[in-house]
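Notes for the structure review
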Amino acid sequence: MNSNQVVIGVDIGTTSTKAVIFEEDGRIRAMHAVEYPMLHPQPGWAEQDPHVLFSAVMQSIQGAIYKGGVSSEQVKAVGLSVAMHSLMLVDDHHRPLTNCIIWTDNRSNKQAEQLRASEKGMDIYKKTGTPIHPMSPLAKLMWFKEHMPHVFERTHKFISIKEYVLYQWFQQYVVDYSIASATGLFSLQTFDWDEEILQFLHIDRQQLSQLVPTTYTLQGMDKKWAEQLGISRNTPVVIGASDGVLANVGVGAVLPHEAAITIGTSGAVRTISSVPKTDERGRTFCYVLTENEWVVGGPTNNGGILLRWLRDEFGAQEKEVAKRLGIDPYDLLTQYAARVPAGAEGLLFLPFLSGERAPYWDAHARGTFFGISLQHKREHFIRAVMEGVCMSVFSVALAVRDVIGPLSEIRVSGGFAKSPFWRQMLCDMMGKELLVPETHEASALGAAALALYAQGDISSLQEVKSWLRISSRHEPNEQHTATYAELFDLYTRLYMKLKDEFPIISSFQRKYV
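Residues numbered from 1 in each chain as written. Predicted model: local features only at pLDDT ≥ 70, side-chain atom pairs only at ≥ 80, totals over all residues. Heavy atoms only, no water.

As for a nonpolar patch on the surface
Taken together, the side chains of I505, F508 and Y512 present a nonpolar region at the surface, about 340 Å² in accessible area. Among the secondary structure elements, Y512 is positioned in the segment after α18 (502–509). Overall, the relative accessible area of 63% leaves Y512 in the exposed class. (Patch = residues over 30% accessible without salt bridge, like charges linked within 9 Å, V, L, I, M, F, W, Y side chains within 5 Å. Areas by Shrake-Rupley, 256 points an atom, 1.4 Å probe, with all protein chains shown as cover. Salt bridge = Lys/Arg side-chain N within 4 Å of Asp/Glu carboxyl O. Helix = DSSP H or I, 4+ residues; strand = E, 2+ residues; numbered from the N terminus. Buried < 20%, exposed > 50% of the residue type's maximum accessible area, 1.4 Å probe, protein only.)

Let's talk about the packing of aromatic side chains
For any two aromatic rings, the description comes down to two numbers: the centre-to-centre distance and the angle of the planes. For the coordinates displayed, the defined rule picks out 24 aromatic pairs. A ring pair is formed by F394 and F488, whose centres lie 4.8 Å apart and whose planes are at 65 degrees; its orientation type is edge-to-face. Of this pair, F394 sits in helix α14 (residues 378–404) while F488 sits in helix α17 (residues 478–498), and the two are 94 residues apart along the sequence. Of the two residues, F394 and F488, both sit in the buried class. Judged by centre distance (5.9 Å) and plane angle (80 degrees), the ring pair of F416 and W422 falls under edge-to-face. Residue classification places W422 among the buried positions, given a relative accessible area of 5%. Connected via pairs of aromatic rings, a cluster forms that spans F352, Y360, F394, F488, Y491, Y495 and F502. Taking the ring centre of W45 as reference, the NZ or CZ of R107 above it sits at 3.6 Å. (Phe/Tyr/Trp six-rings, centres within 6.5 Å; stacked < 30°, edge-to-face > 60°. Lys NZ or Arg CZ within 6 Å of the ring centre and 35° of its normal.)

As for the sheet that holds strand β22 (residues 434–437)
Spatially, the seven strands line up as an open sheet ordered β17-β18-β16-β15-β21-β22-β23, and their pairing is mixed. Sheet topology places β17 (285–290) and β23 (470–474) at the edges, where each strand pairs with a single neighbour. The mean inter-strand angle of the sheet, taken between neighbouring strand axes irrespective of direction, is 25 degrees. Two strands pair when backbone bridges link them, and strand β21 (residues 409–413) and β22 are joined in this way by two bridges, in the parallel orientation. Bridging across to β22, I410 finds its partner in L434. (Pairing = 2+ DSSP bridges. Axes fitted to C-alpha atoms, helices over the stretch in contact; angles between N-to-C directions.)

Observations concerning the environment of V151
Within the secondary structure, V151 is located in helix α5 (residues 149–154). As a C-alpha pair, V151 and D91 span 60 residues in sequence and 9.1 Å in three-dimensional space. With near-sequence residues (within four places) excluded, V151 lies in contact with L89, L97 and T98. (Contact = heavy atoms within 4.5 Å.)

With respect to the packing of helix α10 (residues 243–251) against helix α16 (residues 442–454)
Relative orientation and spacing of two packed helices are given, respectively, by the angle between their axes and the distance between those axes. Between α10 and α16, whose axes approach to 7 Å, the crossing angle comes to 85 degrees. Regarding the angle of α10 to α16, the classification is roughly perpendicular. Residues D243, L246, A247, V249, G250 and V251 of α10 form the contact with α16, whose own contacting residues are A442, S443, L445, G446, A447, A449 and L450. Considered class by class, the residues forming the contact of α10 with α16 number nine nonpolar, three polar and one charged. (Parallel < 35°, antiparallel > 145°, perpendicular 65-115°, else oblique. Nonpolar A, V, L, I, M, F, W, Y, C, P; charged D, E, K, R; others polar.)

Bear in mind that shape data such as this cannot, by itself, settle questions of function.
Given below as structure tokens:
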């Protein structure tokens, strides 16, 4: 890549789309983000308007190019990252029959539970690497077939939001191996749609997009859209991959046994494998990065969103004090938590306010404080919540270790990484050194790197490591690690004892939704 050229990484996320312009050494020149709402037409449903999403993609790229003062000739390539598990149904005129149904949608919980309890469910998981869960397009398709057969039968294509965007730009239905591998319909062994699963769903492969590698490049964008974006029609657009696998690239966790832990709104643990691997107990996912690299890991539902819940529902006092002091309310909450010793003096929290994905895949799971006594004060509850999030992440890391083997290096990112206190807590929980790369927008950086790799400007995704500086390192406090090991054993036993009760309380709660 010439020194005056740039590459654009576009990250189409759950709450916003960000376009980030990177220079040749990975430095950010400019970025622009456009937010959009999540729609909840019925309890448990989560949708987004595809027209709004497409507009956000266009506006984000336009805004970044404007802020960066970039000419069309300077744009070497555009790479795409997108959130997994979205599903749209479109008709034979290429018009949406549905909104974009996103990963947080739980309408297909019944179908997922029935399939997961059967032998067929485990067989599908082992073939595809996608856990049987309502997040999966497989379960969503089962729901449509059962509850909206008239729409299901009219469908010309079943696609993701990335496929929708690319069709607008290039009038082609293509899907990368990475997004396809998160549908529950794609065979990790054959790199093709699985015929048995398609027959099970009663859909034809012609109703799915053409499968292509994550380095697949499209050119010849519709003139109208290219002019609006301010790029050449022939600018290479590299199809890219999912946001999860690209986040590993963006933090430099690109070798086997190097793990990336992200805690943002939710959380995830991921590591790269040179062969596809699934878990005998179905706890982890396995998604494609390239034809020779897979990402094994697990997502949690409950990360920083729990601290926001604490702040918004119980932190009026902290917000007022923080306002007077001119500091962030989150900083005040963590200061309070730091007053309490590791283990919150025996107050334990199961952080399942939004159900849970890995390692339990239990949509009925609910948050639980255990061990409350008169000695516990506000700061104990704050610390217990933060520790509960770390225990959830640790439980996923253990499942990943069981599948892959020991983790040699751990790199962390996400909103939680801004807090040295929370990072140290996770380090103590893991009992291993944590590295904090000085990186922002990891998925967008991963998309940009993959675009450069596809164009031959870098020889390996490992070159991203040279772009990143490690800003902090954390070593575990052995005493804290021992405390957390004792409590984590109780945490896992407590979940097992309560798992049969969670469906009862979640059913009771639905009366009030």
